[in-house]
Amino acid sequence: MTTEDFSLVRGGPTYRATRALARHLPGVRLPGFVSILLVAVAFMPLLVLCGRDGTLHAGAVAMPLLGDWVTMFRFFVAMPLLVLAVPGAEARLRAAIFQLFRSGIVAARDRARFGAVLDGARRARDSAFPELACLVLALLPVLARRIAPALVQGTHVTLDSWRFAGEGLSAAGQWSEDVSAPLFRFVVLLWLWRFALWAWLLWRFSRLHMELRPSHPDQAGGIGFLGQAQVRFAGLAAAGGFVVSGYCINLMRYSGETLFDLRYLIAGYVAGSTLLLLAPLAVMAIPLARAKRHGLSKYGQLGQRVADDFDRQWRRGAAPSMLDSPSPSALADYGGGAYANVAAMRLVPITRSSVFALLLAASAPFLPMLFLAMSLDELARDLFSILV
């Protein structure tokens with residue numbers, strides 16, 4: 001395989017299974033079909049079973065299925081979102097790997113090591129063990145309940161929810177615990193496995209000899225595109241945000257919590273998820289710091305020579321006129337261009353736009369809470385008073 005062929009997604013048992021499915025569905029967009037299939041398996045049986053038991057709407061229980069925002073957001077929004085976000089993330093990460101190789105950033109003497117790193121990533125990606133571990137972890141709560149049912153006893157009586165019937169789980173609750181929840185956990189764990197593999201790749205790349213350019217206009221030595229690629233993991237932040245948002249809405253509706261009471265939970269999730277998704281880029285701090293230190297030294301010496309030449313020329317009257325000479329412009333271009341880029345070089349390839357995109361992805365799922373915290377009349381009145 002060449003560098004162009006590398007992908008974090010195109011490998012492993014799950015990918016091979018979906019590709020086999022695609023061969024039987026010509027002309028069908030696979031991510032959309034898989035997301036619909038997952039919703040059909042995870043959520044539709046809950047609708048049917050709760051409709052049969054009379055727990056679909058409010059009345060029979062305090063928390064009906066359609067009033068359980070965690071369940072609806074988890075299976076009807078977050079899980080399809082994670083599936084639909086895969087193609088965009090795969091294409092951008094793949095392009096970043098290709099750009100890192102083709103741009104000449106990796107030194108010629110380390111091209112072989114670069115290929116060896118990608119080969120190791122391919123073997124890990126194609127191995128069945130990581131995805132088998134994800135499956136076991138997804139099923140672990142189900143297995144624990146089978147082995148030690150006492151772990152979940154004591155909660156059934158106190159919760160008046162669609163999940164429970166008498167002292168045990170209802171049919172819908174049983175399906176949710178045994179099928180829907182493991183399916184969601186497996187999808188999330190697959191994303192986390194790809195995220196861990198990408199973080200490992202960044203760490204290995206940081207140990208290669210890279211020809212970073214301190215004067216590069218991206219102010220990240222020429223690897224600013226890695227920060228843009230990292231934004232493609234925003235789907236994880238958004239999916240988790242919807243689950244946390246659903247949990248908060250349930251607390252507001254059924255436990256009397258207010259939006260103000262939940263502010264630390266919301267802020268902690270938004271900030272924490274953003275920092276977690278950006279954390280793998282921190283491994284680039286060492287090579288970037290080294291490049292910046294060398295760049296400041298080299299460009300500082302060059303700037304000294306430029307300034308000396310300028311000062312010598314004008315103090316001795318070597319030029320006929322300031323307007324006729326290119327020297328002032330050259331000195332200004334050097335100080336405000338190349339050297340300024342070196343001085344402003346960041347120690348991590350993260351831009352404000354990258355941080356903002358991840359913050360937006362993590363915080364947008366909490367917008368429905370605003371409509372729950374205040375009525376539409378109150379919201380319209382407050383907006384009108386602000387605008388007018």
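Conventions and cut-offs
- Residues numbered from 1 in each chain as written.
- Predicted model: local features only at pLDDT ≥ 70, side-chain atom pairs only at ≥ 80, totals over all residues.
- Heavy atoms only, no water.
- Helix = DSSP H or I, 4+ residues; strand = E, 2+ residues; numbered from the N terminus.
- Buried < 20%, exposed > 50% of the residue type's maximum accessible area, 1.4 Å probe, protein only.
- Contact = heavy atoms within 4.5 Å.
- Areas by Shrake-Rupley, 256 points an atom, 1.4 Å probe, with all protein chains shown as cover.
- Expected span 1.5 Å × (residues − 1).
- Arc of directions from axis to C-beta.
- Axes fitted to C-alpha atoms, helices over the stretch in contact; angles between N-to-C directions.
- Parallel < 35°, antiparallel > 145°, perpendicular 65-115°, else oblique.
- Left-handed = near helix turned anticlockwise from the far one by under 90°.
- Nonpolar A, V, L, I, M, F, W, Y, C, P; charged D, E, K, R; others polar.
- Core = buried A, V, L, I, M, F, W, Y, C linked by side-chain atoms within 4.5 Å.
- pLDDT = per-residue confidence, 0-100.
- Polar contact = N/O pair within 3.5 Å; in protein donor to acceptor, adjacent residues only side chain to side chain.
- Phe/Tyr/Trp six-rings, centres within 6.5 Å; stacked < 30°, edge-to-face > 60°.
- Salt bridge = Lys/Arg side-chain N within 4 Å of Asp/Glu carboxyl O.
- Patch = residues over 30% accessible without salt bridge, like charges linked within 9 Å, V, L, I, M, F, W, Y side chains within 5 Å.

### Remarks on the overall build of the protein chain
Here is step 1: Secondary structure summary: the protein chain contains 16 helices and 2 strands in total.
Here is step 2: Out of the 388 residues belonging to the protein chain, those deemed buried represent 40%.
Here is step 3: For the protein chain, long-range pairs separated by at least 24 residues make up 82% of all intrachain contacts whose partners lie at least 6 apart in sequence.
Here is step 4: With the model as given, the accessible surface of the protein chain reaches about 20400 Å², and the carbon-plus-sulfur share is 65%.

### Looking at helix α2 (residues 30-42)
Here is step 1: Relative to the 18 Å expected for 13 residues at 1.5 Å per residue, α2 spans 18 Å between its end C-alpha atoms, a close match to the ideal helical length.
Here is step 2: Residues of α2 that are buried include every one of Leu30, Val34, Ser35, Leu38, Val39 and Ala42, and no others. Considered in projection along α2, the buried side chains sweep an arc of 165° and stay on one side of the axis.
Here is step 3: Structurally, α2 contributes buried residues whose contacts are with α1 (13-23), α3 (44-53), α4 (69-84) and α8 (171-206).

### Describing unusual backbone geometry
Here is step 1: Its identity as a non-glycine residue notwithstanding, Gln219 has a phi of 55°, on the positive side.
Here is step 2: What makes Gln219 partly exposed here is its relative accessible area of 25%.

### A look at the packing of helix α11 (residues 263-278) against helix α14 (residues 352-363)
Here is step 1: It is the contact of α11 with α14, at a shortest axis distance of 9 Å, that shows an interaxial angle of 135°. Taken as axis vectors, α11 and α14 run oblique relative to one another. The two elements α11 and α14 cross, and the hand of that crossing is right-handed. Along the contact surface, α11 presents Tyr269, Val270, Ser273, Thr274, Leu277 and Leu278, while α14 presents Val355, Leu358, Leu359, Ala362 and Ser363.
Here is step 2: Looking at the contact of α11 with α14 residue by residue, the class counts come to 8 nonpolar, 3 polar and no charged.

### A few points about the nonpolar core
Here is step 1: Core analysis: the biggest nonpolar cluster contains 87 residues, and Phe114, Trp198, Leu201, Phe205, Ile223 and Leu226 have the highest contact counts within it.
Here is step 2: No other element matches the 15 residues that α8 contributes to this core.
Here is step 3: Residue contacts for Trp198: discarding those within four places in its chain leaves Leu8, Leu93, Ala96, Ile97, Leu226, Ala229, Gln230 and Phe233.

### Concerning the confidence of the model for the protein chain
Predicted coordinates in areas of low pLDDT are best not read in detail.
Here is step 1: In this model, the protein chain carries an average pLDDT of 85, and 83% of its residues clear a pLDDT of 70 or more.
Here is step 2: At the low end of the mean pLDDT range in the protein chain sits helix α13 (residues 327-343), at 60; at the high end sits α11, at 96.
Here is step 3: Low pLDDT, under 50, characterises residues 154-158; the stretch is placed with 6 contacts to residues that sit more than four places away or in other chains.
Here is step 4: Counting interchain partners and residues more than four positions distant, the pLDDT-below-50 stretch residues 321-327 has 9 contacts.

### Comments concerning the side chain of Ser35
Here is step 1: By the secondary structure assignment, Ser35 is in helix α2.
Here is step 2: Engagement of the side chain of Ser35 in a polar contact is seen with the backbone oxygen of Gly32, the distance being 2.7 Å.
Here is step 3: If we skip the residues at most four places from it in the chain, Ser35 touches Pro80, Val83 and Leu84.

### Some points on the packing of aromatic side chains
Two descriptors summarise a pair of aromatic rings, namely the distance from one centre to the other and the angle between the planes of the rings.
Here is step 1: Overall, the coordinates contain 9 aromatic pairs when judged by the stated rule.
Here is step 2: Between Phe75 and Phe184, the aromatic rings sit 6.4 Å apart at their centres with planes inclined by 85°, giving edge-to-face as the arrangement. Separated by 109 residues along the polypeptide, Phe75 in helix α4 and Phe184 in helix α8 bring together distant segments of the chain. The pair Phe75 / Phe184 is uniform in exposure class, with both members buried.

### Concerning the environment of Arg163
Here is step 1: Among the secondary structure elements, Arg163 is positioned in the loop between α7 (128-147) and β1 (164-165).
Here is step 2: Arg163 sits in the buried class, given a relative accessible area of 16%.
Here is step 3: Along the sequence, Arg163 and Pro64 sit 99 residues apart, while their C-alpha atoms lie 8.6 Å from each other.
Here is step 4: Those residues in contact with Arg163, other than ones at most four positions away along the chain, are Asp68, Thr71, Arg74, Leu169, Ser170, Gly173, Ser176 and Glu177.
Here is step 5: In terms of polar contacts, Arg163 uses its side chain to reach the side chain of Ser176, at 3.3 Å.

### Comments concerning the pattern of salt bridges
Here is step 1: Taken as a whole, this structure holds 10 salt bridges when the rule is applied.
Here is step 2: A salt bridge links Asp110 to Arg113; its shortest N-O distance comes to 3.5 Å.
Here is step 3: Judged by relative accessible area, which is 4%, Asp110 ranks as buried.
Here is step 4: Exposure remark for Arg113: the relative accessible area of 36% places this residue in the partly exposed category.

### A short note on a nonpolar patch on the surface
Here is step 1: Together, Leu132, Leu135, Val136, Leu137, Leu139, Leu140, Leu143 and Ile147 line one region of the surface with nonpolar side chains, adding up to about 720 Å² of accessible area.
Here is step 2: Relative to the elements of secondary structure, Leu135 occurs in helix α7.
Here is step 3: A residue is classified by how much of its surface remains accessible, and Leu135, at 37% relative accessible area, is partly exposed.

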